[in-house]
Amino acid sequence: MVIIITIFLQICFLGPLVLTVFNIANLFKKKKIKEDVIDILIFVFGILFSTILYGLLDFKDYNEPIYIGVDTGYHAPIASWSMPTVAVIIMLGTISYILIKVRKTELPPLIIVSAMSGIMICSAFMLILIIQISKHIDNESIYAFLIIFPLNYILCGIRGVIEEINYYKQKEKITKDITTKSLMHVIKC
């Protein structure tokens, strides 16, 4: 039983850190390291572990007072009545990222730009969440694990947007080359 608990704790604590290291490496490397698998693990386990950890921590809503020296908890980084909005922002960001990354067919440019905007909106929210949570890291290091998924989402979003921009630049270059060759052929004739 102790072995099972030890393995579970290693997965919960070391897993997110290892995924973050691979995510940072994939941001800078040309040849990605199992990018799709890492992205799926980041989104599935990141959202799951963050939700579980957020639920386990002793947060109080802003309308409840916290007494210094008596209460050990903190005010929640997100008020409970704002959770539906947060869920929609995270869903928007996740769907936008999936639209950018899973390009089975050519999507219209408006959809791509909308998806990139969704990623930027969710990334801005994640940055605000990181700032909100970071003030508690000095007192208890467990709060650092609440920052891992937002940080990984921002890194994935940056990578996705850069790849999409590079894809369209390459596509535009090929189109220009074909047009130039066609014009040169017409001029020669």
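Our subject is the structure that appears above.
Before going into details, it helps to say that this report is about the structure given with it. (Residues numbered from 1 in each chain as written. Predicted model: local features only at pLDDT ≥ 70, side-chain atom pairs only at ≥ 80, totals over all residues. Heavy atoms only, no water.)

Focus: the overall build of the protein
Secondary structure summary: the protein contains 5 helices and 2 strands in total. Along the protein, from the amino end to the carboxyl end, the secondary structure elements read α-α-β-β-α-α-α. Within the span of the protein, comprising 189 residues, buried residues form 33% of the whole. Across the protein, the fraction of contacts at a sequence separation of at least 24, relative to all contacts at a separation of at least 6, is 64%. (Helix = DSSP H or I, 4+ residues; strand = E, 2+ residues; numbered from the N terminus. Buried < 20%, exposed > 50% of the residue type's maximum accessible area, 1.4 Å probe, protein only. Contact = heavy atoms within 4.5 Å.)

Points about the side chain of Asn152
Counting through the fold element by element, Asn152 comes out in helix 5 (residues 144-188). Apart from residues no more than four positions distant in its own chain, Asn152 is found in contact with Pro16, Leu19, Thr20, Asn23 and Ile42.

Describing the pattern of salt bridges
Within the structure shown, the criterion is met by 2 salt bridges. For the salt bridge of Arg159 with Asp39, the shortest nitrogen-to-oxygen distance reads 2.5 Å. In this pair, Arg159 sits in helix 5 while Asp39 sits in helix 2 (residues 35-56), placing the two residues 120 residues apart along the sequence. For Asp39, a relative accessible area of 5% corresponds to the buried category. The partner of Lys101 in a salt bridge is Glu163, with the nearest N and O atoms 2.6 Å apart. Of the two residues, Lys101 sits in helix 3 (residues 83-101) while Glu163 sits in helix 5, which places them 62 residues apart along the sequence. (Salt bridge = Lys/Arg side-chain N within 4 Å of Asp/Glu carboxyl O.)

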